[in-house]
Each structure stands twice: as structure tokens, then as C-alpha cells.
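A structural walkthrough
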Amino acid sequence: GALIVDPPNLAPVDHEYVVVQSELYLGPNGKEGDFSKMSAANWDAVVFNGYFMQYKFHPIRVEPNQRIRVWVVDDGPSENSSFHIVGTIFDTVFKEGSYLLQPDDRRGGSQALDLMPAQGGFVEFSLAEAGFYPMVTHKFSNVGKGAMGLFQAGDVKLPAGTSH
């Protein structure tokens, strides 16, 4: 799990979520994890909130143009995270107790929140149009290992012949 300590004067948002990235080092079926795999950084899966691609099959539902905050914790124990949502730009980035980016006249933006194991922070953004927005760690080799999900903005369906 995650312990969230809101910074002072945190602005309200329409939706707030917590995403914990961690690796799984699977042992034999029904047994404890494999410490030798952990020692060798040979993970079987990289997951969000404990489950392989759970938000791919059950997208996080929001509406276009709503303000969203996602707290991200890299639980590790070994792999870094470059938290990214394809199709949007973060206008607020908070990492390890400090703002790295906030909305201002410069209109800056960030594509990723980079975290090492045991670090955390949050990003804020809005999804401008109805559609599906993939949530990944930008280390794409880990997307196929489970670190992928979807935000669904609006009442949309995937086109015929595709799946999430």
C-alpha cells in the first residue's frame, strides 16, 4: 500500500487515484516468492496495484476535461518507474516532497514522472478528448510484463477488431 501525506494547500481535483508499481518474483505455485530472482533483478512481472494489466481489462473511467491527480509510488524493490500516460501532458509534477512543475504563465508540461524504488509523487492532468489513454511505465519492456492500464475518458468503445 501507500501512505499519502498531502502537501499544504493542495488544490481540489475531480478524481484522485493511487498507483503503486512493483515487481513480482514468482516462486513455485502456492509458495513464497523467489529470492534468487529478486537478487538477480529477474522479475516475472511489473504491475500496478498488485495485478497484471488490471486496468487494461478494467479501465479507470473519467470524463474529458476533468482534473485528475494520480499519486505514484515505486514500491520496487528493484525496478525504476517512468510513469507516463500516452496522449496527455502533465501540467503538475510533485516528487519526493517538492513541486517540479506547476501551472504558470510558461505553460510548461511533462510527459513522465521518474521514480526510483521507494520514491513517490503525483501528477495532475486533464484528458482533452473522449477516448482511451494508456497508462504505462515508459520502460516499454515492462509494459508487456504487466505495467499497462487504460484511462477511459467518456462513454467510448474500442473500435471493432481491437481489444484492450
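See the structure shown above.
Residues numbered from 1 in each chain as written. Predicted model: local features only at pLDDT ≥ 70, side-chain atom pairs only at ≥ 80, totals over all residues. Heavy atoms only, no water.

1. Observations concerning the sheet that holds strand 9 (residues 120-125)
- Taken together, the six strands give an open sheet; going across it, the order is 2-1-4-9-6-7, and neighbouring strands pair in mixed fashion. Of all the strands in the sheet, the pair left with one neighbour each is strand 2 (45-48) and strand 7 (98-101). Put simply, the sheet's adjacent strands are angled 20 degrees from each other on average, direction ignored.
- Across three bridges, strand 6 (residues 92-95) lies against strand 7 in antiparallel orientation. Bridge assignment links Phe94 to a residue of strand 7, and that residue is Tyr99. (Pairing = 2+ DSSP bridges. Helix = DSSP H or I, 4+ residues; strand = E, 2+ residues; numbered from the N terminus. Axes fitted to C-alpha atoms, helices over the stretch in contact; angles between N-to-C directions.)

2. A look at the nonpolar core
- Residues Val70, Phe83, Phe125, Met135 and Phe151 are the most contacted members of the largest nonpolar core, which totals 26 residues.
- Looking at this core, the elements with two or more residues in it are strand 2, strand 3 (60-62), strand 4 (68-76), strand 5 (81-85), strand 8 (113-115), strand 9, strand 10 (131-137) and strand 11 (148-153).
- When residues of this core are assigned to their parent elements, the largest contribution, three residues, is made by strand 4.
- Among residues more than four places away in sequence, those in contact with Phe151 are Tyr17, Ile60, Val62, Ile68, Val70, Ile85, Phe125, Leu127, Gly131, Phe132, Tyr133 and Met135.
- In this structure, Met53, Val143, Met148 and Leu150 belong to the second largest nonpolar core, which totals five residues. (Core = buried A, V, L, I, M, F, W, Y, C linked by side-chain atoms within 4.5 Å. Buried < 20%, exposed > 50% of the residue type's maximum accessible area, 1.4 Å probe, protein only. Contact = heavy atoms within 4.5 Å.)

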